[in-house]
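Spelled out from the first residue to the last, the chains are:
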Amino acid sequence: MFKVYDISMTIEKGMPVWGNHDGKQPEINSQPTSPDGVNESRIDMDVHCGTHVDAPLHMLEDGATIETLGLEELVGNARVLDFTDVNDSITREDLEKHGLQKGDFILVKTKNSFTDSFESDFVFLRDDGARYLVEVGIRGIGTDGLGIERSQAEYPTHRTLFRNNVIIVEGLRLKEVPPGSYFMVIAPLKLTGIEAAPARALLIGNG
């Protein structure tokens, strides 16, 4: 038997959004039922809303767009790492304790997963941590923050990872997921020509 963890955020009005800005809330409009009994709804949302995959174009001029990330890069083994004791930022020193290996895809579980609102002091990946991940040669990182960094001029965490082909997934929910190894499936919407896409994210482990 196996257990499936849905580590995606629910898209709904009132969900946590960057900066708690009302303008970033998704708009979901249900149309009146038609005479033949058919229901249809419309949604208007930022592609960085909730759980999403970033592409290099998000931070790099002439960076690659979201359709260039192959699904094979987002499906496979992943490690959930426990950083719930970190209060500000994940550093190189924090990461060195976890014995990372080349080719790892890591998901960082922090205190972010235990709040249902956007907190301005969310735990983020500091630039020295990003440089260390590049040195190790990881293939991707997912975070339970709505962003992978804050309070860093020129966005060095994003840019360091993007320039070295490290995939970034943001907005995960890891509260119910124990640290350990899982089979991961992250499926971004099939969009093209832009810098990100909302995604459904799943982890599959032993039951």
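Residues numbered from 1 in each chain as written. Predicted model: local features only at pLDDT ≥ 70, side-chain atom pairs only at ≥ 80, totals over all residues. Heavy atoms only, no water.

### Examining the overall build of the protein chain
Our working definition: In this text, helices come from DSSP runs of H or I with a minimum length of four residues, and strands from runs of E with a minimum of two, each type numbered from the N-terminal end. For a compact globule the rule gives 2.2 Å times the number of residues to the power 0.38, and the radius of gyration it is set against comes from C-alpha atoms. Throughout, exposure labels follow a simple rule: accessible area from a 1.4 Å probe, protein chains only, divided by the maximum for the residue type, with under 20% read as buried, over 50% as exposed, and the rest as partly exposed. Two residues form a contact once any of their heavy atoms are found within 4.5 Å. Only the protein chains shown count as cover for residues, and all accessible areas are computed by the Shrake-Rupley method using a 1.4 Å probe.
Within the protein chain, the secondary structure is distributed over 3 helices and 12 strands. Relative to a compact globule of 207 residues, whose C-alpha radius of gyration would be 17 Å, the protein chain shows 17 Å and is just as compact. Summarising its shape, the C-alpha atoms of the protein chain cover approximately 60 × 45 × 30 Å along the three principal directions. Here the protein chain holds 207 residues, and 47% of them are scored as buried. Long-range pairs, those at least 24 residues apart, make up 74% of the contacts in the protein chain with a sequence separation of at least 6. When the accessible surface of the protein chain is totalled, it reaches about 10800 Å², and 48% of it is carbon and sulfur.

### Some points on the packing of aromatic side chains
Counted only if it meets this: Note on aromatic contacts: the rings of Phe and Tyr and the six-membered ring of Trp form a pair at centre separations within 6.5 Å, being stacked when their planes are under 30 degrees apart, edge-to-face when over 60 apart, and tilted otherwise.
Taken as a whole, this structure holds 4 aromatic pairs when the rule is applied. Taking 5.8 Å as the distance between ring centres and 85 degrees as the angle between the ring planes, the aromatic pair formed by Tyr 5 and Tyr 182 counts as edge-to-face. Linking Tyr 5 in strand 1 (residues 2–6) with Tyr 182 in strand 11 (residues 180–188), this pair joins segments that are 177 residues apart in sequence. For the pair Tyr 5 and Tyr 182, a shared accessibility class is recorded, and that class is buried. Each ring, one from Trp 18 and one from Phe 118, has its centre 5.2 Å from the other, and the planes form 55 degrees; the classification is tilted.

### Here's the deal with the layout of surface pockets
Defined as follows: Computed over the protein atoms alone on a 1 Å grid, cavities are sets of points where a 1.4 Å probe fits but cannot get out and pockets are open sets with protein on both sides within 12 Å along at least five of seven lines; a residue lines them when it has an atom within 4 Å of a point. Grid points are joined across faces, edges and corners, and a volume is the space filled by probe spheres set on the points. Asp, Glu, Lys and Arg are counted as charged, while Ala, Val, Leu, Ile, Met, Phe, Trp, Tyr, Cys and Pro are counted as nonpolar; the rest, among them Gly, fall into the polar class.
By volume, the largest pocket amounts to about 340 Å³. What lines the largest pocket is a set of 20 residues, and nearest its centre among them are Trp 18, His 48, His 58, Leu 146 and Gly 147. Of the residues belonging to the lining of the largest pocket, the class tally is 7 nonpolar, 8 polar and 5 charged. In this model, the second largest pocket occupies a volume close to 200 Å³. Taken together, 13 residues line the second largest pocket, and the ones lying closest to its centre are Ser 8, Met 9, Ile 11, Ala 199 and Arg 200. Class assignment of the residues belonging to the lining of the second largest pocket gives a composition of 8 nonpolar, 3 polar and 2 charged.

### Observations regarding the environment of Val 123
Mapped onto the elements of the fold, Val 123 is located in the loop between strand 7 (105–109) and strand 8 (124–125). The exposure class of Val 123 is buried, given its relative accessible area of 1%. Taking the C-alpha atoms as reference, Val 123 lies 9.2 Å from Phe 83; in sequence the two are 40 residues apart. With residues up to four places along the chain from it excluded, the contact list for Val 123 reads Val 86, Asn 87, Asp 88, Ser 89, Ile 90, Thr 110, Lys 111 and Asn 112.

### A look at empty space enclosed by the protein
Using the criterion set out here, one finds 1 cavity of 30 Å³ or more in the structure. Approximately 30 Å³ is the volume found for the largest cavity. Lining the largest cavity, in full, are Ile 90, Val 108, Thr 110, Val 123, Phe 124, Leu 125, Ile 141, Thr 143 and Ile 148. For the lining of the largest cavity, the secondary-structure elements that each account for two or more residues are strand 8 and strand 9 (140–143).

### Quick notes on the pattern of salt bridges
Stated precisely, the cut-off is as follows: Any carboxyl oxygen of Asp or Glu within 4 Å of a side-chain nitrogen of Lys or Arg constitutes a salt bridge here.
Counted under the stated rule, the structure contains 10 salt bridges. Here Asp 6 ties to Arg 200 by a salt bridge, and the two come within 2.7 Å at their closest N and O atoms. Taken as a pair, Asp 6 in strand 1 and Arg 200 in strand 12 (residues 196–206) lie far apart in primary sequence, 194 residues in all. Relative accessible area serves as the criterion here: at 37%, Asp 6 is assigned to the partly exposed category. We note a salt bridge from Glu 96 to Arg 92, for which the minimum N-O separation is 2.9 Å. In this pair, Glu 96 and Arg 92 both sit in helix 1 (residues 92–96), 4 residues apart, roughly one turn of the helix. Accessibility expressed as a relative area gives 40% for Glu 96, which makes it partly exposed. Classification of Arg 92 as partly exposed rests on a relative accessible area of 29%. Here the salt bridges do not stand alone but share partners, grouping Arg 92, Glu 96 and Glu 135 into one network.

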